[in-house]
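So you can see what is in the structure, the chains are spelled out below.
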Amino acid sequence: MAERANFGSKLGVVLASAGSAVGLGNIWRFPTEVGENGGAAFILIYLICVVLIGMPVMLSEFVIGRHTRSNTATAYQKLAPGTWWRVQGGMGVFVAFIIMCYYVVVSGWTLYYAYSSLVGALQYTGDDANYFSDFFDGFVSHPWLPVAFSVLFMGMVHFIIVKGVQNGIERFSKVMMPMLLLIIGVLAVCAFSLPGTSEGLSYLLKPDFSKLTASTVLSAIGQAFFSLSIAMGCLCTYASYFRKDTNLVKTAYSVCVIDTIVALMSGFIIFPAVFSVPGLDPEEGAGLVFKSLPYIFSQAFRSMPVMGYVFSLLFYLLLFLAALTSAISIHEPVTAYLHEARQMSRKKAALWVSVVCMTLGVICSLSFGVLSDLTLFGNTIFDNFDALPSVILMPLGGIIISLFTGWYLDKKLVRDEITNEGNLTFRFFKVYIFLLRWIIPVAIGLVFVNQFIGLS
């Protein structure tokens, strides 16, 4: 049997894992959550949640993946043969599959907006605040244009996945992640030159605890959980490619830091621009990125159209790169499962995943147009593909991972993985286990219940 692939370097491990975590959730969802939940008070709670919830669950996925050196489904079968815990392994693969089906649609939008910025289609000098809302609605309802960009995006992901772990995922992560971080740094510097900088920074950095509610805390927990790509099979699969000398704690810490920096920098980019345009509300909601930001950029840089062009192009290029790094990590758990558990060649497994996910992605995309009247439980096809993993399967998976590591796994096995057989020191092991056993399941459970209440 051929030797299993590994990441070739420590830098590759960190950048690939960070690429898995850094995605649209950082640049799209995080500023939206900040805007809807009162700014800096939300950020403070979010940072606490990353430390107390996100990092411990991420570390657990790393332990499970590296110890078994297997795809997500096989990992749980090895660790818990004949028990119901194996369900989490299969569920992780399924979650990645379902997410890929609609994620490729939204990612296609980012590619289209990057292209539109490049050709100047987002350059607008008028005052109609609905111009870009109509622009977006016209695009997503077009019979073939969004499908074409989704197919092009999937082709890029497929090309990288087929190249393998070192020559594909690691090599491209070493290029895309530094590029992503460079772009976000340039954009932040540009945003600081806008007249709304002081108001935007105050909104982000000055906590207003009067706006802090139970809903805000639950939203922060949910954002920390989803932003780090927990319970999607991605982190567990990537960890199976870690070498035995990889420092799991340091890697989890580095990924959380990079992920958080990208999220915060996105706020530093967006909110100065928002406050530069009079009459706009930072509590904009989910339409912020595709409907509101193009208008905001055009108005904020109205006196400097060249600067507005560059800013818009870099921002949507950033969004595209974030989508691409995450999409690669979402594709990989399903490909690895078919390759290892179903004995397919890697090329055949990747092709199967790409074709089936793209086929279902086309259906999701058409739910904004010709299939808009086709609903289930009162939601469009796209909304159902989004809700099933994010509202049900991922929170449930996070609870199972915490309980599995905290209660079921041999504590010597967990300690040996975290300390590399005693060669490293981890002083917070008891705290880590306590969080997994008691705090994290309750916290995620509250999010789980809150989401169901919100749906009812």
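Computed from a prediction, not measured in an experiment: that's the story for all the values here.

**Concerning the overall build of the chain**
Part 1 of the reasoning: Across its full length, the chain carries 18 helices and 2 strands.
Part 2 of the reasoning: Its C-alpha radius of gyration of 21 Å places the chain within 12% of the 23 Å reference for a compact globule of 456 residues.
Part 3 of the reasoning: If you line up the chain on its principal axes, its C-alpha atoms span 65 × 50 × 45 Å.
Part 4 of the reasoning: Taking the contacts inside the chain whose residues are at least 6 apart along the sequence as the reference set, 82% of them involve residues at least 24 apart.

**What about helix α9 (residues 197-205)?**
For the α-helix, the turn length of 3.6 residues means that residues three or four positions removed from each other point alike.
Part 1 of the reasoning: Where α9 is concerned, the buried positions are Thr197, Gly200, Tyr203 and Leu204. For α9, the buried positions fall inside an angular range of 135° around the axis, keeping them on one side. Opposite the packed face of α9, turned more than 90 degrees from it, sit the exposed residues Ser198 and Leu205.
Part 2 of the reasoning: Those residues of α9 that are buried are in contact with α2 (24-36), α3 (40-68), α8 (165-191) and α12 (248-275).

**Details of unusual backbone geometry**
Part 1 of the reasoning: The phi torsion at Asn420 lies on the positive side, around 55°, for a residue other than glycine.
Part 2 of the reasoning: Counting through the fold element by element, Asn420 comes out in the loop between α17 (411-418) and α18 (429-455).
Part 3 of the reasoning: Residue Asn420 is classed as buried on the basis of its relative accessible area of 9%.
Part 4 of the reasoning: Even without a glycine there, the phi angle at Glu421 is positive, about 60°.
Part 5 of the reasoning: On the secondary structure map, Glu421 appears in the loop between α17 and α18.

**Some details on helix α4 (residues 72-79)**
Part 1 of the reasoning: Counting buried positions along α4 yields 6 of 8 residues, so the element is predominantly enclosed.
Part 2 of the reasoning: Residues of α4 that are buried sit in contact with α3, α5 (86-118), α11 (234-239), α14 (305-340), α16 (381-408) and α17.
Part 3 of the reasoning: The residue sitting at the N-terminus of α4 and contributing the capping side-chain oxygen is Asn71; that oxygen lies 3.2 Å from the backbone nitrogen of Ala73.

**Quick look at the packing of aromatic side chains**
The description of an aromatic ring pair rests on the distance of the ring centres and on the angle between the ring planes.
Part 1 of the reasoning: Scanning the model with the defined rule gives 44 aromatic pairs in all.
Part 2 of the reasoning: Aromatic side chains Phe192 and Phe268 sit 6.3 Å apart centroid to centroid with 55° between the ring planes, which places their arrangement in the tilted category. One end of the pair, Phe192, is in the loop between α8 and α9; the other, Phe268, is in helix α12, and 76 residues separate them in sequence.
Part 3 of the reasoning: Take Phe268: its relative accessible area is 17%, and that puts it in the buried class.
Part 4 of the reasoning: Against the face of Phe429 rests Arg415, its NZ or CZ located 4.1 Å from the ring centre.
Part 5 of the reasoning: In this arrangement the basic side chain of Arg437 is found over the ring face of Trp407, its NZ or CZ atom lying 4.2 Å from the centre.

**A word on the packing of α3 against α4**
What describes two packed helices is the angle between their axes and the distance between those same axes.
Part 1 of the reasoning: Here α3 crosses α4 at 80°, and the two axes come no closer than 9 Å. Classified by the angle their axes make, α3 and α4 are roughly perpendicular. Contacts between α3 and α4 involve Ile64, His67 and Thr68 from the former and Ala75, Tyr76, Lys78 and Leu79 from the latter.

Parameters at a glance
Residues numbered from 1 in each chain as written. Predicted model: local features only at pLDDT ≥ 70, side-chain atom pairs only at ≥ 80, totals over all residues. Heavy atoms only, no water. Helix = DSSP H or I, 4+ residues; strand = E, 2+ residues; numbered from the N terminus. Rg over C-alpha atoms; globule rule 2.2 N^0.38 Å. Contact = heavy atoms within 4.5 Å. Buried < 20%, exposed > 50% of the residue type's maximum accessible area, 1.4 Å probe, protein only. Arc of directions from axis to C-beta. Polar contact = N/O pair within 3.5 Å; in protein donor to acceptor, adjacent residues only side chain to side chain. Phe/Tyr/Trp six-rings, centres within 6.5 Å; stacked < 30°, edge-to-face > 60°. Lys NZ or Arg CZ within 6 Å of the ring centre and 35° of its normal. Axes fitted to C-alpha atoms, helices over the stretch in contact; angles between N-to-C directions. Parallel < 35°, antiparallel > 145°, perpendicular 65-115°, else oblique.

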